[in-house]
Amino acid sequence: MPRRRTLGTKKTVALLVGAAAVAGGGAFTLAATSNAASSPRTLSAADSTVCQGLATALGTNQTFIDGQRAAPDAQSEARIANREAVIAQIKVQQQASGCSVGESAQDSQAAQPEQPEQPTPSDSAVPSAGPTDPADPADPADPGDPGVSGQQVCAGSTVTLSGEAGAPAASSNQFPAGTTLKVTNLDNAKSTTVKVTSVSGSCALLNDAAFEQVREPGKFLIRRALIEKVG
């Protein structure tokens, strides 16, 4: 009768260890593949309008901080602390939205010098049923009237939010405090008329309350904006 060949103890153990290693490696590969498939992809500003708006807001605030550090005054320290808190909040929103945390995009529209005042049309150029009383309360010269129009400024600028709380207001790097600006979102025809209360790194930066009046749901950037100086 032929003799049955048997494996030695050492060879048997080696084969078992090798099989376990192959099985374990396969399981590890499957687990890694599964985890990679289930992990959400981090979005950049180029992938999402939400991420782009948040990145622009962060960049605008960082530019303002850099400007304050380059030319500090008595209020710079407080302004910087305020904007750093705003940036921290923007980063929280970036993380919640699946965006790259800390990504910054500078406003693509370079600062433009304020345009000279344009002469207004004479009364004779506008048809009228009768003389207009300058003291008439219905006169649309009141800059607080949301229907008022004025001189267009900063053509082509985008508008985003500063992340600051409080009553509707704006900040600007071109207009002094007290200037009244009207910002219209041309994509939804909503507008807000606000006072400039502080300095920022862009033509018109709206605080949270003002931005809510003109924003589209889920967006943090107005690409097609009409900015007018009305007072």
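Here the structure is shown first, and the text comes after it.
The following paragraphs examine the structure supplied in this document. (Residues numbered from 1 in each chain as written. Predicted model: local features only at pLDDT ≥ 70, side-chain atom pairs only at ≥ 80, totals over all residues. Heavy atoms only, no water.)

Details of the packing of helix H2 (residues 49-70) against helix H3 (residues 76-96)
Rules: Lines are fitted to the C-alpha atoms to define the axes, a helix being fitted only along its stretch in contact, and any angle between axes, read from their N-to-C directions, falls within 0 to 180 degrees. Starting at the N terminus, helices and strands are each numbered in turn, a helix being any DSSP run of H or I of at least four residues and a strand any DSSP run of E of at least two. Each angle receives one of four descriptions, namely roughly parallel if under 35 degrees, roughly antiparallel if over 145, roughly perpendicular if within 65 to 115, and oblique otherwise. A crossing counts as left-handed when the near helix is turned anticlockwise from the far one by less than a right angle, and as right-handed when that turn is clockwise. Only heavy atoms enter the contact rule, under which two residues are in contact if any of them lie within 4.5 Å. Under the scheme applied here, ten amino acids are nonpolar (Ala, Val, Leu, Ile, Met, Phe, Trp, Tyr, Cys and Pro), four are charged (Asp, Glu, Lys and Arg), and all others, including Gly, are polar.
Direction vectors running N to C along H2 and H3 enclose 160°, while the axes themselves pass 9 Å from each other. Considering the angle they form, H2 stands roughly antiparallel to H3. Once H2 is placed against H3, the crossing between them reads as left-handed. For the pair formed by H2 and H3, the contact residues are Leu-54, Ala-55, Ala-57, Leu-58, Asn-61, Gln-62, Phe-64, Ile-65, Gln-68 and Arg-69 on the first element and Ser-76, Arg-79, Ile-80, Arg-83, Glu-84, Val-86, Ile-87, Ile-90, Lys-91, Gln-93 and Gln-94 on the second. Residues that form the contact of H2 with H3 fall into these classes: ten nonpolar, six polar and five charged.

A few points about the pattern of salt bridges
The condition is simple: Whenever a carboxyl oxygen of Asp or Glu lies within 4 Å of a side-chain nitrogen of Lys or Arg, that contact is scored as a salt bridge. Burial classes follow relative accessibility: with a 1.4 Å probe on protein chains only, a residue under 20% of its type's maximum area counts as buried, one over 50% as exposed, and anything between as partly exposed.
Within this structure, the stated rule accounts for six salt bridges. A salt bridge links Arg-83 to Glu-164; the nearest nitrogen and oxygen atoms lie 3.5 Å apart. In this pair, Arg-83 is assigned in helix H3 and Glu-164 in the loop between strand E2 (159-160) and strand E3 (170-172), connecting sequence segments 81 residues apart. According to the relative accessible area criterion, Arg-83 is buried, its value standing at 2%. Across the salt bridge formed by Glu-216 and Lys-219, the nearest N and O atoms sit 3.7 Å from each other. Residue class for Glu-216 comes out partly exposed when judged on its relative accessible area of 22%.

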